[in-house]
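# Structural overview for review
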There are 2 protein chains.
Amino acid sequence: MKFSERINCCSQSPMRKFHSDAELAKSRGIKIYQLNIGQPDILTPQSYFEVICNSIQPTLAYAPSPGIPALVSKMIRYYKELGVDYTPDDVLITAGGSEALSILMNCILDPGSEVIIPEPFYPNYHAFIETAGGVIRPLSTKVEEGYAYADKDKLETLINPNTRAILFTNPGNPTGVVLSEPQMRVIADVAKEHGLFVIGDEVYREFVYGGEQLLTIGMYEDIAENAVVIDSVSKRFSACGARIGALITKNKELRKNALKLCQSRLSVATQNQIAAAALYDLKQDYFSDARNEYKLRRDTIYRRLLAMSGVVCSEPKGAFYVMAKLPVDNTDTFQKWLLTDFQFNGATIMVAPGAGFYATPGMGMDEVRLAYVLCVEEIETAMDVLEAGMKVYNQNQN
Amino acid sequence: MKFSERINCCSQSPMRKFHSDAELAKSRGIKIYQLNIGQPDILTPQSYFEVICNSIQPTLAYAPSPGIPALVSKMIRYYKELGVDYTPDDVLITAGGSEALSILMNCILDPGSEVIIPEPFYPNYHAFIETAGGVIRPLSTKVEEGYAYADKDKLETLINPNTRAILFTNPGNPTGVVLSEPQMRVIADVAKEHGLFVIGDEVYREFVYGGEQLLTIGMYEDIAENAVVIDSVSKRFSACGARIGALITKNKELRKNALKLCQSRLSVATQNQIAAAALYDLKQDYFSDARNEYKLRRDTIYRRLLAMSGVVCSEPKGAFYVMAKLPVDNTDTFQKWLLTDFQFNGATIMVAPGAGFYATPGMGMDEVRLAYVLCVEEIETAMDVLEAGMKVYNQNQN
């Protein structure tokens with residue numbers, strides 16, 4: 001039996017590739033501080049569970065393929081508060097932001113089509129783009145330049161007849177970069193001028209720590225046909241396991257095409273949509289509490305990383321990740337060693353090695369992404385482990 | 001902006017294309033008997049909802065990408081009762097059978113790869129196969145031959161170097177065909193001899209009305225590497241809105257590749273998996289009650305269709321669909337007319353026009369699929385409406 005070329009090329013997630021080494025370390029009694037995966041520990045609002053319990057139906061039927069109207073209208077209200085007017089025809093509910101991306105890429109990519117993405121980027125973009133036959137055209141950025149990417153010249157250099165879209169994560173995963181309005185406008189203008197889709201993966205929108213205004217690529221009326229917003233309740237409401245997201249666009253033809261794929265998979269889970277709608281009734285202080293907690297964590301991890309000899313990193317402004325250059329030769333080897341040969345006071349640490357966040361071969365070998373999803377005390381201890389680990393690892397190497 | 005060629009080619013679901021005409025008819029006060037969609041009205045077991053309510057977690061986290069171990073082990077126990085031994089490494093939990101098919105096709109199809117499917121077939125196979133770049137190679141069957149397809153010669157005629165798989169729905173949607181064990185063995189042998197995947201979409205397994213043994217393509221040890229089972233709780237437990245399915249195979253390389261895509265979309269909804277596990281604890285009489293009810297409906301609709309002048313149909317042995325040839329020129333036009341220009345005692349009927357179930361152009365124009373998902377009394381009335389409709393429609397045509 002044959003397998004598809006693209007699945008043979010698809011590599012394992014850098015966040016999950018050391019799972020079996022981690023299991024072995026745990027079986028030896030070692031505590032592992034997991035900074036490799038963006039699974040927040042913030043409590044899910046109880047209203048989600050209450051509504052699930054109250055949404056019992058005699059027959060648990062398929063939801064409408066585009067999504068349950070109550071959830072769609074709550075999302076529209078949410079965007080109205082951000083200053084963007086959507087109608088129910090602009091929103092398709094999906095199984096997380098992941099499904100929204102997968103449906104979108106199948107609508108807009110032919111074999112060989114290109115999507116420009118600033119690198120480092122969220123590694124699962126590979127699967128969504130490559131299963132649709134597309135290719136990632138990376139816009140390389142550097143830690144020394146704060147991973148900046150909103151640059152007209154840099155973007156235009158990458159555009160060719162195969163280019164279909166520019167995709168960016170804002171606030172950024174893995175970099176924590178948050179676009180200013182003028183920066184977002186730069187990207188919007190390039191998309192407009194070249195007739196490209198511009199895709200904002202904005203699932204971390206609320207997670208900004210410098211008092212920035214909450215922005216969305218959907219706010220520019222002059223690129224309403226180009227703009228696509230990927231959204232999700234996973235991070236916003238700490239409800240990753242609900243698997244509720246959305247594909248939002250005013251482009252009627254994109255909507256019509258995406259709906260075909262929504263119909264082909266029938267629907268998104270019914271009760272989960274009903275309960276997700278209730279999340280949008282939470283008061284603003286829900287967000288400010290979560291934001292304050294993450295800001296403390298961000299400050300802690302950034303302070304600790306800066307203080308480590310040889311570590312280079314740029315202050316993350318949003319999301320809950322920080323990318324750091326470590327003074328080790330290869331962070332893949334280093335991570336494996338941390339799990340197989342190291343412990344510090346009975347503990348070790350998991351991070352996501354950097355190479356998997358780049359499309360350009362050879363890049364990111366000395367970088368890691370750290371997800372600051374643990375409480376401040378645990379982050380402090382995890383940083384002690386990391387600092388000690390680098391020291392021992394480099395002594396062993398020499 | 002450009003769209004992909006394959007999404008432009010993707011047509012609308014024949015089950016859902018008359019949605020707006022139906023809404024207009026409803027707004028005129030007309031009652032519609034909906035036999036177009038396979039949404040069962042059987043009650044969902046209460047244990048599903050009870051477990052959902054008891055699965056409240058402080059943080060609703062991602063489930064493991066391959067699925068929650070408790071659900072996987074319940075499915076393994078279920079298959080053990082059918083005589084098939086699986087291990088946890090053979091089962092991947094998916095968002096319904098739909099996602100299982102989508103993941104599978106992305107793993108096994110390159111551009112131009114072919115999948116042999118007996119036609120008429122479930123129209124959403126188009127989307128799963130064509131978004132993965134593949135092509136459906138239909139094995140044409142006829143109502144006059146009971147839509148039989150398990151024929152070595154017919155299958156082998158369609159095999160060429162691009163063929164990657166044989167896919168069949170058993171029990172059949174839309175035909176209600178149920179394979180005997182020797183028939184299933186014929187397909188297994190062809191797949192084995194030609195090194196093809198053989199995919200059994202077996203989501204209707206329990207819905208057989210002649211006392212047939214419950215079978216699965218996974219039961220043949222000599223084709224363990226070829227066989228893939230698509231499964232779901234949607235129909236089995238009348239839990240369509242849970243969106244829980246599975247991709248089951250002993251082929252380690254397929255498992256490894258499919259897992260990459262499972263990881264890229266992170267996970268299936270957490271509570272839904274926990275609750276679906278409880279469904280597998282239901283006693284056997286749950287199935288026999290549902291089966292008895294559907295058998296009554298099958299008997300009713302088949303008897304009524306047979307008694308209508310000019311209607312040709314073959315007794316469906318399983319699932320909850322019947323395909324019928326009607327004495328009208330074009331069932332698409334006829335369905336539209338039923339919604340826009342007809343009523344019988346204030347009611348009309350929706351069925352799924354047949355052409356959408358065929359890949360061969362021009363086939364199925366005078367056929368419809370009827371889903372017997374209404375109670376016996378409603379089916380009787382719906383058949384009165386259909387019979388009267390055909391009479392008036394044909395008088396108008398002459």
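Residues numbered from 1 in each chain as written. Chains lettered and ligands numbered in written order. Predicted model: local features only at pLDDT ≥ 70, side-chain atom pairs only at ≥ 80, totals over all residues. Heavy atoms only, no water.

## Quick notes on the interface of chain A and chain B
The interface of chain A with chain B comprises 76 residues on the first partner and 76 residues on the second. With both chains or domains summed, chain A and chain B bury close to 6300 Å², and 55% of this area falls on carbon and sulfur atoms. For chain A, the biggest contributors to the area lost against chain B are Met 1, Phe 3 and Tyr 62 of chain A; these three give 13% of the whole. Between chain A and chain B we count zero salt bridges in total. Scanning the region where chain A abuts chain B turns up 41 residue pairs in polar contact (both at pLDDT 80 or more). Listed by contribution, the elements that provide at least two residues to the side of chain A that touches chain B are helix H1 (5-9), helix H3 (46-54), helix H5 (96-108), helix H6 (125-131), helix H9 (252-264) and helix H10 (270-279) of chain A. Per element, the largest residue contribution to the side of chain A that touches chain B is seven residues, and it comes from H9 of chain A. (Contact = heavy atoms within 4.5 Å. Buried area = accessible area lost by both parts, 1.4 Å probe. Salt bridge = Lys/Arg side-chain N within 4 Å of Asp/Glu carboxyl O. Polar contact = N/O pair within 3.5 Å; in protein donor to acceptor, adjacent residues only side chain to side chain. Helix = DSSP H or I, 4+ residues; strand = E, 2+ residues; numbered from the N terminus.)

## A closer look at the packing of helix H2 (residues 19-27) of chain A against helix H12 (residues 331-340) of chain A
All names here are of chain A. With their axes 8 Å apart at the nearest point, H2 and H12 run at an angle of 25° to one another. On the basis of the axis angle, H2 is roughly parallel to H12. Here H2 and H12 pass one another in a crossing that is left-handed. The segment H2 lies against H12, with Asp 21, Ala 22 and Ala 25 engaging Lys 336, Leu 339 and Thr 340. For the contact of H2 with H12, the residue count by class is three nonpolar, one polar and two charged. (Axes fitted to C-alpha atoms, helices over the stretch in contact; angles between N-to-C directions. Parallel < 35°, antiparallel > 145°, perpendicular 65-115°, else oblique. Left-handed = near helix turned anticlockwise from the far one by under 90°. Nonpolar A, V, L, I, M, F, W, Y, C, P; charged D, E, K, R; others polar.)

## A few points about the domain arrangement of chain A
All names here are of chain A. According to the domain assignment, chain A consists of domain 1 (5-43 + 285-397) and domain 2 (46-279). Here the C-alpha centre of domain 2 lies 26 Å away from the C-alpha centre of domain 1. Taken together, the contacts link 36 residues of domain 1 with 37 residues of domain 2. The largest contributions to the domain 1 side of the interface with domain 2 come from Phe 287, Arg 291 and Lys 317, which together make up 18% of the buried area. Where domain 1 meets domain 2, there are one salt bridge. Its salt-bridge partner being Glu 144, residue Lys 325 comes within 3.2 Å of it at the nearest N-O pair. Between the two partners, domain 1 and domain 2, sit 17 residue pairs in polar contact (both at pLDDT 80 or more). Only helix H11 (284-306), strand S9 (312-313), strand S10 (321-325) and strand S13 (367-371) provide two or more residues apiece to the side of domain 1 that touches domain 2. Among the residues making up the side of domain 1 that touches domain 2, the classes are represented as 22 nonpolar, six polar and eight charged. (Domains from an automatic or database assignment.)

## Details of the environment of Asp 201 of chain A
Residues and elements named next belong to chain A. If you trace the backbone, Asp 201 turns up in strand S6 (residues 197-201). For the pair Asp 201 and Pro 171, spaced 30 residues apart in sequence, the C-alpha separation works out to 8.4 Å. When sequence neighbours within four positions are dropped, the list of residues in contact with Asp 201 reads Leu 101, Tyr 125, Leu 167, Phe 168, Thr 169, Asn 170 and Ile 230.

## With respect to the packing of helix H12 (residues 331-340) of chain B against helix H13 (residues 376-397) of chain B
Residue and element names in this part refer to chain B. At a closest axis distance of 11 Å, the pairing of H12 and H13 adopts a crossing angle of 105°. Judged by the angle between their axes, H12 and H13 are roughly perpendicular. Every residue of H13 that contacts H12 at Thr 333, Phe 334, Trp 337 and Leu 338 is listed here: Leu 386, Gly 389, Met 390, Val 392, Tyr 393 and Asn 396. Grouping the amino acids of the contact of H12 with H13 by side-chain chemistry returns seven nonpolar, three polar and no charged.

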